[in-house]
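Structural features, examined
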Number of protein chains: 2
Amino acid sequence: MVDILHRVGIKAPLDQVYKALATSEGVAGWWTTDARGDSKVGGVLKFRFTRDGKELGGFDMKVLELAPGKRVLWQVVEGPAEWMATRISFELRQEGAYSIVLFKHEGWKEPVEFMSHCSTKWAIFLMSLKSLVETGKGQPTPDDVQISDWH
Amino acid sequence: MVDILHRVGIKAPLDQVYKALATSEGVAGWWTTDARGDSKVGGVLKFRFTRDGKELGGFDMKVLELAPGKRVLWQVVEGPAEWMATRISFELRQEGAYSIVLFKHEGWKEPVEFMSHCSTKWAIFLMSLKSLVETGKGQPTPDDVQISDWH
C-alpha cells in the first residue's frame, strides 16, 4: 500500500478551509467546477472533469466523515480502476495564523505512473484550495494548471 | 518505507531537461540558486537555501548515476535527519512533444509531517523545472512559491 501525502498552510480561519472541503460548492471553487451531489455523511459527491467541452471522466466519493474544523474523509465509489476504494482525507488544525491541511490519498494498490501524476496534480489542486480561501479565487478544472501531456 | 512520487511533462527535448538536472548550474535555475559542487558521478552537490539573507540549511547529495537523457540519481549524504540516506531520482523519457519526468524521493523511514510538506514542495519545484526548461525562467529559492508556514 502506498499513499499520496501533502501539507499546505492556508492563512485563514479553520472554518473557511473546512467549508471549502465539506460542501460541493466549496470543492467547485478549487478542484472542478462540476461538483454536485449530497455532501452529508453517507451521501455521494460527484466530481466531473470537462475540458474543451469534452467530459474526461470523474469520481464519485462517498462522504465517510465530516468533523467541522478538523477532518473530511471521502471514499471513492466510482472512478478509474486505480482509484476504486481508495480514501481521501483532509486533516485540519490551527498553527498560528495558518490553517494546516494534511492531505492523504491512501489505499493505492501499486505505485503506478498514474499515481505519480495524481500526486503532482493533488499538490496543484491544494495550492488552488489555498488560493481560493486566501484570495477568493481558485483554479479548478477546466482552468487548472497543466502539468503534462496528461494535463 | 514510503516514497514521494511525482510526474510532470515538459514540452522540450530530453537533453534540455537532462541538463537542468545533471549540472549544478541547471539545478540552480529551478531548485535553489545556491547550488554548487561536483556534479560528476561520485561527486557531491551542495544545495543551500537562503531567505531574507538567512541560511535555512540545505542538503549535500552524492551523485550516484548520470545517464544522459535517461536518469539522474542522487543520495543524501548531509541534511536533516529525515533525509539522511534517502535517494532522489529523475527518470526521463520522450512521449510525443513532451519529456516525461518521473520523480521519486525514496527511503523515508516514516511518513512524518515533514514528508508531506516535502511532497508538496517537490511538486512546486518540479513545476519550476518545467517552467525553466519551457520558458527559460524557473522559480528557485529564494523566489520559490510559498506553500505554508514552513514555506
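Data block above holds the structure.
Residues numbered from 1 in each chain as written. Chains lettered and ligands numbered in written order. Predicted model: local features only at pLDDT ≥ 70, side-chain atom pairs only at ≥ 80, totals over all residues. Heavy atoms only, no water.

1. Re the sheet that holds strand β6 (residues 87-95) of chain A
All names here are of chain A. Within the open sheet, the 7 strands sit side by side as β1-β7-β6-β5-β4-β3-β2. Their pairing is antiparallel. Whereas interior strands pair on both sides, the edge strands pair on one side only; in this sheet they are β1 (2-10) and β2 (34-37). Neighbour to neighbour, the strand axes of the sheet diverge by 25 degrees on average, direction disregarded. In terms of strand pairing, β2 meets strand β3 (residues 44-51) through 4 bridges, oriented antiparallel. If you follow R36 over to β3, its bridge partner there is K46. (Pairing = 2+ DSSP bridges. Helix = DSSP H or I, 4+ residues; strand = E, 2+ residues; numbered from the N terminus. Axes fitted to C-alpha atoms, helices over the stretch in contact; angles between N-to-C directions.)

2. Overview of the interface of chain A and chain B
Contacts between the two partners involve 28 residues from chain A, matched on the other side by 28 residues from chain B. Both sides together, the interface formed by chain A and chain B hides about 2,300 Å², and carbon and sulfur atoms give 56% of it. Considering only the side of chain A, the residues that lose the most area to chain B are L5(A), R7(A) and D149(A), jointly responsible for 27% of the buried surface there. Summed over the shared surface of chain A and chain B, the number is 6 salt bridges. Here D149(A) makes a salt bridge to R7(B), at a shortest N to O gap of 3.1 Å. Linking chain A to chain B there are 22 residue pairs in polar contact (both at pLDDT 80 or more). Elements that contribute at least two residues to the side of chain A that touches chain B include exactly β1, β6, β7 (98-108) and α3 (113-135) of chain A. (Contact = heavy atoms within 4.5 Å. Buried area = accessible area lost by both parts, 1.4 Å probe. Salt bridge = Lys/Arg side-chain N within 4 Å of Asp/Glu carboxyl O. Polar contact = N/O pair within 3.5 Å; in protein donor to acceptor, adjacent residues only side chain to side chain.)

3. Focus: the pairing of β6(A)
Side-chain positions along a regular strand alternate between the two faces of the sheet. Residues and elements named next belong to chain A. Sheet topology note: the strand β5 (residues 71-78)/β6 ladder contains 5 bridges and is antiparallel. Pairing of Q75 across the sheet is with R87, part of β6. In this structure, β6 lies alongside β7, joined through 9 bridges in antiparallel fashion. Its bridge partner being in β7, I88 is matched across the sheet by H105.

4. Re the environment of G57(B)
Residues and elements named next belong to chain B. Within the secondary structure, G57 sits in strand β4 (residues 54-67). As for G57 and G79, which are separated by 22 residues in sequence, their C-alpha atoms are 7.7 Å apart. Setting aside residues up to four positions removed in sequence, G57 forms contacts with F47, R48 and F49.

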